[in-house]
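# Structural characterization, general
Chain residues, written in single-letter form:
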Amino acid sequence: MNNIKTISLDGIDVSKFIEIKSRQKWYQNQDHSRWIFYDEVNQLYYKIWNDTYVRRDTIPKAIKLGFYDEDILPALKGLIYWENVCRGYVMKKCVPLENNNNIENLFSQIKQRTEETKLFAYDFCPNHIVKNEDKLTLIDLEGVYNL
């Protein structure tokens, strides 16, 4: 993905944002904690997690292997890093789909990329497909695993 920026965690001031969701959860030794913030000024969503987050490496891997690209993630602005660890991502504001009638092309792309990369989006569902301008985009991106 050519236009994906790397954003340093220490350059983000979440005190200026609205907290949308907070989940602080551990399952035995697995950290599932994460937070979603909304920047009203720039209309961006920030999903941030701990450096111990169980799925911290899945998005960079999915991008590197070609599962994710600009066609599937047109709303993705950048990945958040701190000390070479992925700590989240930033996405443009999107709008919910009015209906699920136009998701066949995106679903076909996801199936093809699953075959090609041997990765699958385990949380792929209509609630995680939204519109960015005139394009469909996925949200809740870190749920990508090896087949």
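Model, not experiment: these values are computed from the prediction. (Residues numbered from 1 in each chain as written. Predicted model: local features only at pLDDT ≥ 70, side-chain atom pairs only at ≥ 80, totals over all residues. Heavy atoms only, no water.)

### Let's talk about the layout of surface pockets
Here the largest pocket defines a volume of roughly 520 Å³. Around the largest pocket, the lining comprises 24 residues; the ones closest to its centre are Ile 36, Lys 47, Tyr 89, Ile 139 and Asp 140. Elements with a contribution of two residues or more to the lining of the largest pocket: β2 (18–23), β5 (34–39), β6 (44–49), β8 (85–92) and β9 (95–96). Among the residues making up the lining of the largest pocket, the classes are represented as 13 nonpolar, one polar and ten charged. (1 Å grid on protein atoms, 1.4 Å probe; cavity = no way out; pocket = protein on both sides within 12 Å on 5 of 7 lines; lining within 4 Å. Points joined across faces, edges and corners; volume = space filled by probe spheres on them. Helix = DSSP H or I, 4+ residues; strand = E, 2+ residues; numbered from the N terminus. Nonpolar A, V, L, I, M, F, W, Y, C, P; charged D, E, K, R; others polar.)

### Section: empty space enclosed by the protein
Applying the stated criterion to the full structure yields one cavity of 30 Å³ or more. Each pocket or cavity is described by its volume, and for the largest cavity that value is around 60 Å³. Lining the largest cavity are Tyr 68, Ala 121, Asp 123, Phe 124, His 128, Leu 138, Ile 139, Asp 140, Leu 141 and Gly 143. Taken together, the residues of the lining of the largest cavity break down into six nonpolar, two polar and two charged.

### What to know about the packing of aromatic side chains
Summed over all chains, the structure comprises seven aromatic pairs. On the numbers, 4.8 Å between centres and 25° between planes, the contact of Phe 17 with Tyr 46 is stacked. Here Tyr 46 lies in strand β6 and Phe 17 lies in the loop between β1 (5–8) and β2, a separation of 29 residues in the sequence. The pair formed by Phe 17 and Tyr 46 is uniform in burial state, with each residue classed as buried. Consider the rings of Tyr 38 and Tyr 45, whose centres lie 4.5 Å apart with planes at 35°: the pair is tilted. Clustering of aromatic rings is evident, with ring pairs tying together Trp 49, Tyr 53 and Tyr 89. (Phe/Tyr/Trp six-rings, centres within 6.5 Å; stacked < 30°, edge-to-face > 60°. Buried < 20%, exposed > 50% of the residue type's maximum accessible area, 1.4 Å probe, protein only.)

### With respect to the sheet that holds β9
Working definition: the strands of a sheet are paired by backbone hydrogen bonds and lie parallel or antiparallel to each other. With antiparallel pairing, three strands are arranged side by side in an open sheet as β9-β11-β12. Either end of the sheet is taken by a strand with one partner, and the two such strands are β9 and β12 (135–138). Here two bridges tie β9 to strand β11 (residues 129–132), and the two strands are oriented antiparallel to one another. Bridge assignment links Pro 96 to a residue of β11, and that residue is Val 130. (Pairing = 2+ DSSP bridges.)

### So, the pattern of salt bridges
When the charged atoms of two side chains with opposite charge come close together, those side chains can pair. Under the definition given, this model contains five salt bridges. Glu 142 serves as the salt-bridge partner of Arg 34, at 4.0 Å between the closest nitrogen and oxygen. Of this pair, Arg 34 sits in strand β5 while Glu 142 is found in the loop between β12 and β13 (144–146), placing the two residues 108 residues apart along the sequence. As far as the burial class goes, Arg 34 and Glu 142 line up, both buried. We note a salt bridge from Asp 57 to Arg 56, for which the minimum N-O separation is 3.7 Å. Each of Arg 34, Lys 47, Asp 140 and Glu 142 takes part in one network of salt bridges that share partners. (Salt bridge = Lys/Arg side-chain N within 4 Å of Asp/Glu carboxyl O.)

### A short note on the sheet that holds strand β7 (residues 76–82)
With mixed pairing, six strands are arranged side by side in an open sheet as β1-β7-β8-β6-β5-β2. On the outer flanks of this sheet lie β1 and β2, each paired with one strand and no other. Put simply, the sheet's adjacent strands are angled 25° from each other on average, direction ignored. (Axes fitted to C-alpha atoms, helices over the stretch in contact; angles between N-to-C directions.)

In short, the description is geometric, and any link to function would need to be established separately.
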